[in-house]
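Each chain, written out:
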Amino acid sequence: MKRFPIQKRTVALLAVLTPPLVLFVYAALRSGPLAPVPVTLAQIENKSISPALYGIGTVEARYTFKIGPIATGRLERLDVHVGEQVVAGQVLGTMDPVDLDDRIRAQDATLNRANALLDEAEARRAYAQKQARRYAQLLEARSSSEELAATKEQEFRIAEAVLNAAREEIVRVRAERAALNVQRDNLRLIAPVDGLVVARNVEPGTTVLVGQSVVEFIDPSSLWINVRFDQIHADGLVETLPAQIMLRSQGGRLRSGSVLRVEPLADSVTEETLAKVVFDVLPKPLPPVGELAEVTLELPLLPEAPVIPNAAIQRVGGKTGVWQVRDSKLRFTPIRLGAGDLNGQVQVTQGLVAGDQIVIYSEKALMPHSRVFVVDHVPGAAP
Amino acid sequence: MISLAGRDILHTWGKFVFTGAGLGLLIGVTLTMAGVYRGMVEDARVLLDNSRADLWVVQKDTLGPYAESSSLYDDIWRGIRGMPGVACAANVTYLTMQVRQGDRDVRAMVTGIAPGAAGTPGWPPYLVSGRQITRGHYEAVADIATGFKLGDRLQIRRNHYAVVGLTRRMVSSNGDPMVFVSLKDAQEAQFLKDNDAILQQRRRTAENPSWNRSSDPSVLDGAIASLGNNPYVNAVLVQVRPGNSPDDVASAIRKWKRLTVYTRSQMEGILVGKLIATSAKQIGMFLVILSVVSAAIVAFIIYTLTLGKIREIAVLKLIGTRNRTIASMVLQQSMALGAIGFVVGKITATFAAPYFPKYVLLEPMDSARGLVVVLFICLLSSTVAIRAALKVDPAEAIGG
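Residues numbered from 1 in each chain as written. Chains lettered and ligands numbered in written order. Predicted model: local features only at pLDDT ≥ 70, side-chain atom pairs only at ≥ 80, totals over all residues.

Topic: the nonpolar core
Piece 1. By size, the foremost hydrophobic cluster in this structure holds 131 residues, and its most contacted members are L55, W56, V57, A140, V236 and V238 of chain B.
Piece 2. Residues lining this core come from more than one domain, with at least three contributed by each of domain 1 (2-43 + 278-399) and domain 2 (60-192 + 228-258) of chain B.
Piece 3. Non-local contacts of A140 of chain B, meaning those with residues more than four positions away in its chain, are made with L154, Y161, A162, V163, V164, V179, F180 and V181 of chain B.
Piece 4. With 36 residues, the next largest nonpolar core counts L75, V227, A243 and L274 of chain A among its residues. (Core = buried A, V, L, I, M, F, W, Y, C linked by C-beta atoms within 7 Å. Buried ≥ 20, exposed ≤ 12 C-beta atoms within 10 Å, placed from the backbone. Domains from an automatic or database assignment. Contact = placed C-beta atoms within 7 Å.)

Here we look at the sheet that holds strand β7 (residues 91-95) of chain A
All names here are of chain A.
Piece 1. The four strands are arranged β8-β7-β5-β10 in an open sheet whose pairing can be described as antiparallel. With one partner strand each, in any of the chains shown, β8 (188-190) and β10 (207-208) form the two edges of the open sheet.
Piece 2. With three bridges connecting them, strand β5 (residues 73-78) and β7 associate as antiparallel partners. Its bridge partner being in β7, L78 is matched across the sheet by G93. (Pairing = 2+ DSSP bridges. Helix = DSSP H or I, 4+ residues; strand = E, 2+ residues; numbered from the N terminus.)

Some thoughts on the pairing of strand β8 (residues 159-167) of chain B
Residue and element names in this part refer to chain B.
Piece 1. Of the strand pairs in this sheet, strand β5 (residues 129-130) and β8 are connected by two bridges, and their pairing is antiparallel. Opposite G130, over in β8, you have G165 as the bridge partner.
Piece 2. Inspection of the sheet shows strand β6 (residues 139-143) paired to β8 by five bridges, in the parallel sense. Of the residues in β8, the one forming a bridge with A140 is V163.

Overview of the domain arrangement of chain B
Piece 1. As assigned here, chain B comprises domain 1 (2-43 + 278-399) and domain 2 (60-192 + 228-258).
Piece 2. Here domain 1 of chain B and domain 2 of chain B have C-alpha centroids that lie 48 Å from each other.

Considering the packing of helix α9 (residues 277-307) of chain B against helix α11 (residues 323-352) of chain B
Residues and elements named next belong to chain B.
Piece 1. Relative orientation of the contacting elements α9 and α11 amounts to 135°, with a least axis distance of 11 Å. Between α9 and α11, the interaxial angle falls into the category oblique. As for the relative orientation of α9 and α11, their crossing is right-handed in sense. Contacts from V298, I301, I302, L305 and T306 in α9 reach V330, Q333, S334, L337 and G338 in α11.
Piece 2. Residue composition of the contact of α9 with α11, grouped by class: six nonpolar, four polar and no charged. (Axes fitted to C-alpha atoms, helices over the stretch in contact; angles between N-to-C directions. Parallel < 35°, antiparallel > 145°, perpendicular 65-115°, else oblique. Left-handed = near helix turned anticlockwise from the far one by under 90°. Nonpolar A, V, L, I, M, F, W, Y, C, P; charged D, E, K, R; others polar.)

See below:
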């Protein structure tokens, strides 16, 4: 039998058909679910990390003074405006006295009347004393009856009692007058300390209720930040920790501060722990009260330990661990994690030692039977 | 023995290969269409896989959180965490919105993930670059399909977020890439109105005499303060302790917490059966049409190829070739055409798939099924051509 001749066109046909076949095999094996997963590996190093806490808060004034009347009344005058500095003792405004001045005048008249009554009582007493003394002498000379002398003695005692009553009446009226004076003084709204006016809540002519504030001012040197830390990331939050503060209006500019106190009461609704952070040096101009601030607290450096990036941490079957490649096969290694820092570095307390290789990034979720191949960086992701 | 089909193909191989390639492109489109359908189902599945939940606790009587909106108070997870058999419970929010970055904006599903560590339900299960979120605010992990890069600043509502990590194939059931941010930020983004609206809202509240009482001005402050709150999440993701049946835990939560709970299989049923059902049917319809068209085209091609060889077949008959040999020649050619078409189709589909805006999943089993269907169609269509070949009169070889 004649051998099948190898002709030119057979070669050409093979040349045309071979690349598609190769591509086909490649397509069938290297794409879709059967394809091996590109992963990147990294070697674990012993490193010392500095964990940090991150929270956001608002600028608040430690001391806010809300000045208002102690009795319901109408505001007569308010002399200060928002943004003005006030000094201790300064009169900020007054309440309308309404009938208070008239009552003070009436009280003055009452005092005068009481003085007149005192004079009268003194005169009566002096006369009654003389009469009593005279009748006592007459009784000794047996020129008067014992009864008359006793009557005069009683009249003297009564006049003395009336005098005492008149004296006490003056004390009472004076006290009432003083009380009215105090009330009159209290109509003036006076700043107890130096401060910066931040709110002018009502305008003159408005009726103000007891307890309602007319004007509010703060002590500008007492600005602090009320920071909220998620409870899950608040481990290690203590007083005097150094803080880095970034105000929302000054993006990127960091200011230093420290934790003044950690609030004993946490917010149970938002699951946050609260702390007060103060500036080392108050910014100038002062940040507005209520401005948002991001606060980062640096915790002390931890001793060296194996450190892995948090991107490597996986949870498989309820266990936390990392994937390792051994003899080109995947193996899940359960680990126990320690503290982590804000750059995503986490310490491993158990399960890995320095020098171990672990999978950091993968193109897909890994399974124990996944085929993998090691790359420098996952396709599509910049190195 | 000489292969008649082989000799014939070699004779006009250029025509044959090009016809096969043309057919291949058609098969490629059909395979891609199947891939688009599989991709949609896969999108729904990865959404469930990536959430790493065994159970979804949602608002009572809703199909949330993916197919319907659902809102729960954000402290309900504490009660669920205490139920027997629950290993882990975490709040989650989903909000599809335009995420701005510089001058452009990208449609993305912003997912709010509960604070914790990697591995908490809802967190991206793997990354391709960067790191997981460590700060409680203003950090984001984005899917690579958003086009964002590490270090980019995103704007969601009024806040800016730094992209700290990139992941891959984290998509919503619509195929929108996900952007993961912390739960508190996401709650705010979901509820926070623009500043103008907030101002108007305050004005409206102040105009309401029952809030703005002259006898007690502090009521208004309280009313305004309560406007900006959003104590809601869309679902609680629950992981079941190993050894407990998800169905038992689900029924306990349903019974005692009076909430709706879905297991993994129920959720898949909702997503695949309800959310993408219409689109899937649409694509299925198209797939059927494409198959019919492909079958018709293969039949026509084989038929015309055979008709072009009428004279040769007549000569074969004249020299006494058996009908079986002629039929097998036509059949072999048809099968070869199908094979070439399938190979070209598979290659085109594989290399074209990554360029589609949505995920196209080419499953090996689909390809195998495709091969069987292609060969079957070729077999069927060759019968027409075989009939024509067998009817040829040997006299035609010397006639005309």
